[in-house]
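Close look at the chain arrangement
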2 protein chains.
Amino acid sequence: MEQFTPTQIDALSTLVSTDRFSTGQSNRELHTKDISPHRGRLPAGIIWPVSTEEVSAILGYTYGQGIPVTPWGAGTSTEGNPLPVEGGLVMDMTRMDRILAIRPQDLQADVQPGVFRKTLNANAGRSGLFFPPDPGADATIGGMIANNASGVQTIRYGATRDYVMRLTVVLPDGRVIPTGGKAHKSSSGYDLTRLFVGSEGTLGVVTEATLKLAGIPVAHLAATVVFNTLEAASQTVATLMGSGLSPAALELLTPELIGLMNREKGLGIAEKPSLFCEFHGVSEAALHETAALAEELCRDSGALDFQTGVKERERKDLWRARHEAWETIHRAFPGRETLIVDAAVPISSYPQMVVFSQQQLDAKKAVGFVFGHAGDGNLHVVMVGDPADDGEWASLEEINDSIVHRAVDLGGTCTGEHGIGIGKRRFMQLEHGAGYALMKQIKGLIDPRGLMNPGKMFL
Amino acid sequence: MEQFTPTQIDALSTLVSTDRFSTGQSNRELHTKDISPHRGRLPAGIIWPVSTEEVSAILGYTYGQGIPVTPWGAGTSTEGNPLPVEGGLVMDMTRMDRILAIRPQDLQADVQPGVFRKTLNANAGRSGLFFPPDPGADATIGGMIANNASGVQTIRYGATRDYVMRLTVVLPDGRVIPTGGKAHKSSSGYDLTRLFVGSEGTLGVVTEATLKLAGIPVAHLAATVVFNTLEAASQTVATLMGSGLSPAALELLTPELIGLMNREKGLGIAEKPSLFCEFHGVSEAALHETAALAEELCRDSGALDFQTGVKERERKDLWRARHEAWETIHRAFPGRETLIVDAAVPISSYPQMVVFSQQQLDAKKAVGFVFGHAGDGNLHVVMVGDPADDGEWASLEEINDSIVHRAVDLGGTCTGEHGIGIGKRRFMQLEHGAGYALMKQIKGLIDPRGLMNPGKMFL
Ligand SMILES: Cc1cc2nc3c(=O)[nH]c(=O)nc-3n(C[C@H](O)[C@H](O)[C@H](O)COP(=O)(O)OP(=O)(O)OC[C@H]3O[C@@H](n4cnc5c(N)ncnc54)[C@H](O)[C@@H]3O)c2cc1C
Ligand SMILES: Cc1cc2nc3c(=O)[nH]c(=O)nc-3n(C[C@H](O)[C@H](O)[C@H](O)COP(=O)(O)OP(=O)(O)OC[C@H]3O[C@@H](n4cnc5c(N)ncnc54)[C@H](O)[C@@H]3O)c2cc1C
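Position numbers for residues count from 1 along each chain, tracking the sequence in the order it is written. Whichever chain is written first becomes A and whichever ligand is written first becomes 1, with later ones labelled in order. Owing to the predicted nature of the model, reporting of local features is limited to residues with pLDDT of at least 70; listing and counting of side-chain atom pairs is limited to 80 or more, with chain, interface and lining totals taken over all residues. To obtain the side-chain values, all non-hydrogen atoms of the structure were used and water was disregarded.

Some points on the overall build of chain A
Secondary structure counts use DSSP, requiring at least four H or I residues in a row for a helix and at least two E residues in a row for a strand, with both numbered from the N terminus. The helix and strand tally for chain A stands at 16 helices and 18 strands. A compact globule built from 459 residues should have a C-alpha radius of gyration of about 23 Å, and chain A, at 22 Å, falls within 12% of that. Judged by the C-alpha coordinates and their principal axes, chain A covers about 70 × 55 × 45 Å. Across chain A, the fraction of contacts at a sequence separation of at least 24, relative to all contacts at a separation of at least 6, is 71%. The Shrake-Rupley method, run with a 1.4 Å probe sphere, supplies the accessible areas, and residue values consider only the shown protein chains as cover. Element-wise, carbon and sulfur atoms account for 50% of the exposed surface of chain A, whose accessible area totals about 15400 Å². Neither His nor the chain ends is counted toward charge; the positive residues are Lys and Arg and the negative residues Asp and Glu. Charged side chains are reduced to one point each, which is NZ for Lys, CZ for Arg, CG for Asp and CD for Glu. Within chain A, one finds 41 positive and 52 negative side-chain charges whose respective centroids are separated by 3 Å. The atom set for the radius of gyration is the C-alpha atoms, and the globule formula is 2.2 Å times the number of residues raised to the power 0.38. In what follows, residue pairs with any heavy atoms lying within 4.5 Å of each other are defined as contacts.

Structure below.
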C-alpha cells in the first residue's frame, strides 16, 4: 500500500496536529532504510504521535481500514526491523520523547518510547544513575525494547529485557494495555511485559515504559589482553566468566579488525587476538585486587600481555573505537553494504565458533571481520559486499547460514541482540521448532488481521 | 471430577509403569493441601511421569477425555497453587528428578523439573556454583519456575525468571514445545520462556529446564542493624539499595517477629526494628571496605547499632531463623492457619507500606507479623487465625485487601513471589486492568478446554 485514499488522508489528518502527519515524498523515502541492505516499500504516509491516546486513536482507525502500520524508532536496526515492507503507515515515535520522571530512590525512570538512550543517560547521570543496555548506536528506548537490545556491558548488567518493569502498549486494534508494575519483583499473572519486549513491533506499539536504572559505578578499570592465537583468546573468556570477578565488559577482537581500526582511527593497538575488558567496583583499591586476579587467570591461559595502565581518556577512546566497529568497517568500504552475523552460543562453544567463522571467511575469500561480546557468547561477523552482485552476496549469505546452523546445533541462537527483522526470518523454524508455530499462534491472537509491522519475524 | 471411569483407569495405567499411577485414597488426600488454608477437591488419581514423552502421552489422553490436570511439585505453595480444585488428575513431578548435566564452563545446568533446589545446589556446589533463587522451603525447580519463586538473595541475584534459559513444555493438548536456548542472550522471536515462567502450571507442564548458575562468592559478610523505629529502618533500605554496595540480602524484621524468634528458637537478638544484611565479594578485604561504607550510611540514617562481628555459625543461624519465620509462627499457634500478605511496592514506598501494615494489625487487634525482603520492596504479613471463625478470618482478609489496594495504588503488586493460586485471584483485575483480559485470551489460546490447573489465577 503506497497510497492512501483521500478519505483516509482526511481521517488520519484529524487525529494529530497538521505538522505531524505527512504524505510528502522525502519523509516517506527517509523511512525505507535502516543500516541493513534491506529496503522497505514506500509507505503511504508518516505519522508522529505524541501520546498514548493518539496512538490508540490512530490504530483504532487503521485497524478498521486494514492499513498496515510499522513503528519506527531511530531506524538504526541491522535486519530491516523498522522497514514498512507492505507500505501503509509508518508510525515514527521520536516525538514521544519526554522523560516523565526519574525516581532516584526507586532506581527507576518513566519514559516515553522516543527518548534516546544517551538523553536518558545524561539525565539519569545527574542522580548518579544510568540505564545500562548499550547498543553501539544511539537508539530510542522503544526500539531497544522492541529489539531487546544489548551491548558490551550486558555480561554484567543484563539486556534491555532485564530493565523493563512496566509498559503501556497499544494493541493493533487500538486497545490500551498496561503490563507489569513498579515493584522490583512480582509473581502476578503472565509476564506480558516480556512478551512485548523483543516482539519487534509485531504485537503493538509501546507508548510508555518504566525502566530500572543502575548506580554509576564509583570506579572503572579497563584492561587490554593480548594472545598469540584466536583460540587462546576465546578460551580465556569462559575462565574469566567463571571466576566470579564479574567483568563489566569482555570483548573479543581479531587482528584483522584491530588493523582496520588502527588504520582508520589512527590508534596504535597491537594487531593480535585480543580481549578488551572492563571492571566496575566500589573503589580503586578493590579494582586493583580484581585486576591482579584477572591478570593471573589470563597469563595462566597464555596471555602475552595484560595492560591495565589505560587512562580515562584512552579507556573512552578504546570503547568508542569498539562501539564504532561497524561504522569503521562501513566507511572503509564505500559503496558496499554489510551483512552482520549475530549468532550467540553457550560460552564453552565460543572458541570453536570464533575459529569456525574465521575459517569460513578465509575459505570463501570473503571480506569480513570477526569480533563480539565474548562474555555473552555473542559473535559478530561483519561481512562486506555488493547485494547487486548475486554471486558474491550469495556466498556471504552461505557463510551466515553455516555459522547460524552451527550455532543452533550448539544450543545457540541466530541473533543475540539485533532481532529477526527481515534478514533472519528464515532461521526461525530451524531455531525454534514447534515453538515457532506457537509464536505464530500468539501473533494471530493479538494481531488477527496481520497489520502490525507485517513481513517481519515470520515467513 | 473425583472418579475416573474404569476405561480411563485402564488407559492411564498403560501410559506409565504400574507403580506410578494411583487411585488410592491416601495418595489422593496427600495431594489436596499445601501450606495455605485452601483445600483441593479430592483428585480422581495421581500420576508420576518420568519423561517428556510420558507427559505428552498423558496430556494427549486427558485432553481428549476432558480430564482436568494439575501439576504438583513439592506442594509448598502459600496460595493453593498446586491444589486440584476440580479434582481430575494430579501430575506429581517428583519422579522427574534427574540432574541431566551441570556444565560449569557455561555456568548452566540442565535439569528435570522434580529436582529439589537444595539437591541442585549440593551438586552445583562441587563446581563452585549455585542456583541463587532461594525461597524458604526446599521447593522443586518446576514449582519455582511455575511460581517465579524468589528469596532473600533476589535483590542481588534476581528471581527464578532471571535464571531460566530454556524449557521443554508440554502444552495441555500434549504438544511438546521447546523454548529459549542455551546462549547467554538472544533476541530471537517472542520470549516464550518467560511466558511459561510464572504461569503456575496453567499453560502446560515444564518437563525440562536449562538454568543459569552463579559462582559461589569467595567471601560473605553478615550485618545486623538496629533502629529505634520501623520507619527509620525501612527508610534506610532505599539508601542502601541506591548506594552501589549491592547487598546480597536486605531483610526487615519487626520487634514482634524477633521476639517470637527469640522465644521459639532461643536466640538472643535485640527486639528492635532491624535490618539483616549480607554482602558478597571477591575478598574479605573488599567486604570490610563495603561494610564500613554500609555502616556509615546506616548510622547517618539513624541506626543505633551495626554489628558485623557475626561469625559463620551465627550467620547461618541468623539466616536459618529468617528462612524459618513462617514455620516459627505456624508452630507458635498450634491448630491455627496462616494468611500471608506478599505485596511488593517500589522501594521509596516501602516505609509507608510497613507502617501502614503494622497499623492495620494494631487497629484490628489481629495476630500478625510484619517482615519482608525489604531490598525488593516485598512485604510479608503472616497473620494467624481460624478460617472456621468467619468473623476473625474475614477481618484478616480485610487487612490483606487494604494492604494490597494500597500497594497497587503505589504501582506495586499483590504478590512479589508466591503467585496468584486461589487466594489472590480477586486482585488480578484490580492490578492488571485491561492486561487481565489479555492474559485470559492467552490462556484461552493455549488451553482452549480450560483443563490445565483449572480454578487458578483467573476468576
Ligand atoms: C553502529 C551500530 C551498532 C549497533 N550495535 C548494537 C549492539 O551492540 N547491540 C544491539 O542490540 N543492537 C545494536 N545495533 C542495532 C540497533 O541500534 C538496536 O537494535 C536498537 O535497539 C534499535 O533501536 P532504534 O530506535 O533505532 O529502533 P528502530 O531500528 O527504528 O526499530 C527497531 C524495531 O523496533 C520497533 N519499534 C520502534 N519503536 C517502537 C515502539 N515504540 N513500539 C513498538 N515497536 C517499536 C520497530 O518497528 C522495529 O521493529 C547497532 C546499530 C548500529 C547502527
Ligand atoms: C516456609 C516457606 C517459606 C517460603 N518462602 C518463600 C520465598 O521466600 N519466596 C518464594 O517465592 N516462595 C516461598 N515459599 C513458597 C514456595 O516454596 C514456592 O512458591 C515454591 O516455588 C513452590 O515450589 P513447589 O515445588 O513446592 O511447587 P508446588 O507448590 O507443588 O507447585 C507450585 C505451582 O507450580 C506448578 N507446578 C509444579 N511443577 C510444575 C511443572 N513441572 N510444570 C508446570 N507447573 C508446575 C503447580 O501446579 C503450582 O501451580 C515458601 C514456602 C514455605 C513453606
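Anyway, onward from the coordinates.
Looking at the site of ligand 1
Residues and elements named next belong to chain A. In this text, near means that some heavy atom of the residue lies within 4 Å of the molecule or strand in question. Near ligand 1 there are 36 residues, and of these Pro71, Thr76, Ser77, Thr140 and Ser150 occur at the shortest range. Here a polar contact is taken to be a pair of N or O atoms separated by no more than 3.5 Å, where protein atoms must pair a possible hydrogen donor with a possible acceptor and residues adjacent in sequence count only if both atoms sit in side chains. Interatomic distance of 2.7 Å between a backbone N/O atom of Gly73 and an oxygen atom of ligand 1. At a separation of 2.7 Å, an oxygen atom of ligand 1 approaches a polar side-chain atom of Thr140. Here ligand 1, which alone exposes 970 Å², has 96% of that area covered by the protein. No other element matches helix H5 (residues 141–147), which puts 5 residues into the shell around ligand 1.

With respect to the interface of chain B and chain A
Contacts between chain B and chain A engage 76 residues on the former and 76 residues on the latter. The term buried area refers to how much accessible surface (probe radius 1.4 Å) is lost by two components on association, counted for both of them together. Interface area, chain B with chain A, both sides summed: about 6200 Å², of which 58% is carbon and sulfur. Salt bridges, as used here, are contacts in which a Lys or Arg side-chain nitrogen is within 4 Å of a carboxyl oxygen on Asp or Glu. Run the count over chain B and chain A and you get 6 salt bridges. In this structure, the salt-bridge partner of Lys185(B) is Glu417(A), at a minimum N-O distance of 2.8 Å. When residues of the side of chain B that touches chain A are traced back to their parent elements, those giving at least two are strand S9 (176–180), helix H7 (192–196), helix H8 (230–241), helix H10 (284–300), helix H15 (428–432) and helix H16 (434–446) of chain B. Looking at the side of chain B that touches chain A element by element, the count peaks at 9 residues for H16(B). For this scheme, ten residues count as nonpolar: Ala, Val, Leu, Ile, Met, Phe, Trp, Tyr, Cys and Pro. Four count as charged, namely Asp, Glu, Lys and Arg, and the remainder, Gly too, count as polar. Tallied by class, the residues present in the side of chain B that touches chain A amount to 30 nonpolar, 32 polar and 14 charged.

Things to note about the pattern of salt bridges
Residue and element names in this part refer to chain B. As enumerated under the stated definition, the model contains 46 salt bridges over all chains in all. Asp110 is the partner of Lys182 in a salt bridge, and the nearest nitrogen-oxygen pair spans 4.0 Å. With Lys182 in the loop between S9 and H7 and Asp110 in strand S6 (residues 108–111), this pair connects stretches of sequence that are 72 residues apart. A salt bridge links Lys265 to Glu324; the shortest N-O distance between them is 2.3 Å.

Details of the sheet that holds strand S10 (residues 205–212) of chain B
Residue and element names in this part refer to chain B. Spatially, 5 strands are ordered S5-S6-S10-S8-S9 in an open sheet, and the strand pairing comes out antiparallel. Bordering the open sheet on either side are strand S5 (99–103) and S9, each of which pairs with just one other strand. In this sheet, adjacent strand axes meet at a mean angle of 10 degrees when their direction is disregarded. Two strands are said to pair when DSSP picks up at least two bridges between them. Taken together, the 4 bridges between S5 and S6 define a ladder with antiparallel strand orientation. Following the sheet pairing, Ile102 is matched in S6 by Ala109. Helix axes are fitted only over the stretch in contact, all axes being lines through C-alpha atoms; the angle between N-to-C directions runs from 0 to 180 degrees. The sheet strands contacting helix H3 (residues 52–65) are strand S8 (164–170), S9 and S10, and the helix crosses S8 at an angle near 45 degrees.

Considerations on the environment of Asp401(A)
Residues and elements named next belong to chain A. Mapped onto the fold, Asp401 is located in helix H14 (residues 390–409). On the basis of relative accessibility, which here comes to 24%, the residue Asp401 falls in the partly exposed class. In this structure the C-alpha to C-alpha distance between Asp401 and Val384, which are 17 residues apart in sequence, comes to 16 Å. Look past the residues within four positions of Asp401 in its chain and what remains in contact with it is Arg426 and Phe427. Between buried and exposed lies partly exposed: a residue is buried under 20% and exposed over 50% of the maximum accessible area for its type, with that area taken using a 1.4 Å probe on protein chains only.

Quick word on the site of ligand 2
All names here are of chain B. For ligand 2, the set of nearby residues contains 36 residues, the closest of which are Pro71, Thr76, Ser77, Thr140 and Ser150. Side-chain polar atom of Thr140 to an oxygen atom of ligand 2: 2.7 Å apart, as the coordinates give it. Within the contact set of ligand 2, an oxygen atom lies 3.5 Å away from a backbone nitrogen or oxygen of Met144. Alone, ligand 2 offers 980 Å² of accessible surface; in the complex the protein occludes 96% of this. Listing elements by their share of the shell around ligand 2, those giving two or more residues are strand S3 (69–72), helix H5 (141–147), S10 and helix H12 (325–332). Examining the composition of the shell around ligand 2, we find that 5 residues originate from one element, H5, more than from any other.

Points about the domain arrangement of chain A
The parts lose accessible area when they come together, and the size of an interface is often stated as this lost area. Residue and element names in this part refer to chain A. Taken domain by domain, chain A comprises domain 1 (6–95), domain 2 (99–215), domain 3 (219–326) and domain 4 (333–442). The start and end points of each domain follow an automatic or database-based domain assignment. A C-alpha centroid distance of 24 Å is found between domain 3 and domain 4. Surface buried jointly by domain 3 and domain 4 totals about 1500 Å² across both partners, of which 72% is contributed by carbon and sulfur atoms. Linking domain 3 with domain 4 are 0 salt bridges, by the criterion used here. Going through the elements one at a time, helix H8 (230–241), strand S13 (249–253), helix H9 (255–265) and helix H12 (325–332) are the ones with two or more residues in the side of domain 3 that touches domain 4. Here the side of domain 3 that touches domain 4 gets 7 residues from one element, more than from any other, and that element is H8. Here the residues of the side of domain 3 that touches domain 4 are counted per class, giving 11 nonpolar, 3 polar and 4 charged.

Notes on the UniProt feature "domain: FAD-binding PCMH-type" (unreviewed entry) in chain A
UniProt positions are given in the numbering used here, feature names are shortened, and annotations may be inferred rather than shown by experiment. UniProt tags residues 39–216 of chain A as "domain: FAD-binding PCMH-type" (unreviewed entry). The span residues 39–216 of chain A shows a helical share of 22% and a strand share of 25%, and its end C-alpha atoms are spaced 39 Å apart.

Some details on unusual backbone geometry
Residue and element names in this part refer to chain A. Look at Glu200: it is not a glycine, yet its phi comes out positive at around 55 degrees. By the secondary structure assignment, Glu200 is in the loop between helix H7 (192–196) and strand S10 (205–212). Using a relative accessible area of 4% as the deciding quantity, one classes Glu200 as buried. Its identity is not glycine, yet Met457 carries a phi of approximately 65 degrees, on the positive side. Inspection of the secondary structure assignment puts Met457 in the segment after helix H16 (434–446).

Things to note about the relation of the copies chain B and chain A
In this comparison the copies share one frame, found by least squares on the C-alpha atoms of residues holding pLDDT of at least 70 in both. Note on the copies: chain B fits chain A at an RMSD of 0.0 Å, the axial shift is 0.0 Å, and the rotation between them is 180 degrees. When the rotation and shift are considered jointly, the pair of chain copies conforms to a two-fold rotation axis. When C-alpha distances to the rotation axis are compared across chain B, the minimum falls at Ala286(B), with a value of 2.9 Å. A symmetric contact is evident, with 100% of the interface residues of chain B recurring at the interface of chain A.

Here's the deal with helix H10 (residues 284–300) of chain A
An ideal rise of 1.5 Å per residue puts 24 Å on 17 residues; H10(A) measures up with 24 Å between its terminal C-alpha atoms. Of the surrounding elements, those touching the buried residues of H10(A) are strand S12 (219–226), H8, strand S14 (274–281) and strand S15 (305–307) of chain A together with H10 of chain B. Just downstream of H10(A), Gly302(A) is the residue with a positive phi angle, here 100 degrees. Each helix should span, by expectation, one fewer than its residue count multiplied by 1.5 Å.

Focus: the sheet that holds strand S1 (residues 21–22) of chain A
Pairing is mixed in the open sheet, where 4 strands are placed in the order S1-S2-S4-S3 (chain A). The outermost strands of the open sheet, each flanked by one partner alone, are S1 and strand S3 (69–72) of chain A.

Things to note about the packing of aromatic side chains
To describe a pair of aromatic rings, one takes the distance between the centres and the angle between the planes. Between rings of Phe, Tyr and Trp, where Trp is taken as its six-membered ring, a pair exists when centres lie within 6.5 Å; planes separated by under 30 degrees are stacked, by over 60 edge-to-face, and by other angles tilted. Tallied over the entire structure, the rule returns 14 aromatic pairs over all chains. Judged by centre distance (6.2 Å) and plane angle (85 degrees), the ring pair of Phe276(B) and Trp319(B) falls under edge-to-face. Taken together, the positions of Phe276(B) in strand S14 (residues 274–281) and Trp319(B) in helix H11 (residues 312–323) put the pair 43 residues apart, joining distant regions of the chain. The buried category is assigned to Trp319(B), whose relative accessible area is 9%. A cation over an aromatic ring shows up here: Arg449(A) above the ring of Tyr63(A), its NZ or CZ 5.8 Å from the ring centre. By the criterion adopted, a ring carries a charge over it if an Arg CZ or a Lys NZ lies within 6 Å of its centre and within 35 degrees of its normal.

Quick notes on the environment of Met439(B)
Structurally, the position occupied by Met439(B) is in helix H16. A residue is classified by how much of its surface remains accessible, and Met439(B), at 1% relative accessible area, is buried. In this structure, the C-alpha to C-alpha distance between Met439(B) and Phe458(B), residues 19 residues apart in sequence, is 8.9 Å. Those residues in contact with Met439(B) that lie beyond four places of it in its chain are Ser188(A), Gly189(A), Tyr190(A), Leu192(A), Met428(B), His432(B) and Phe458(B).

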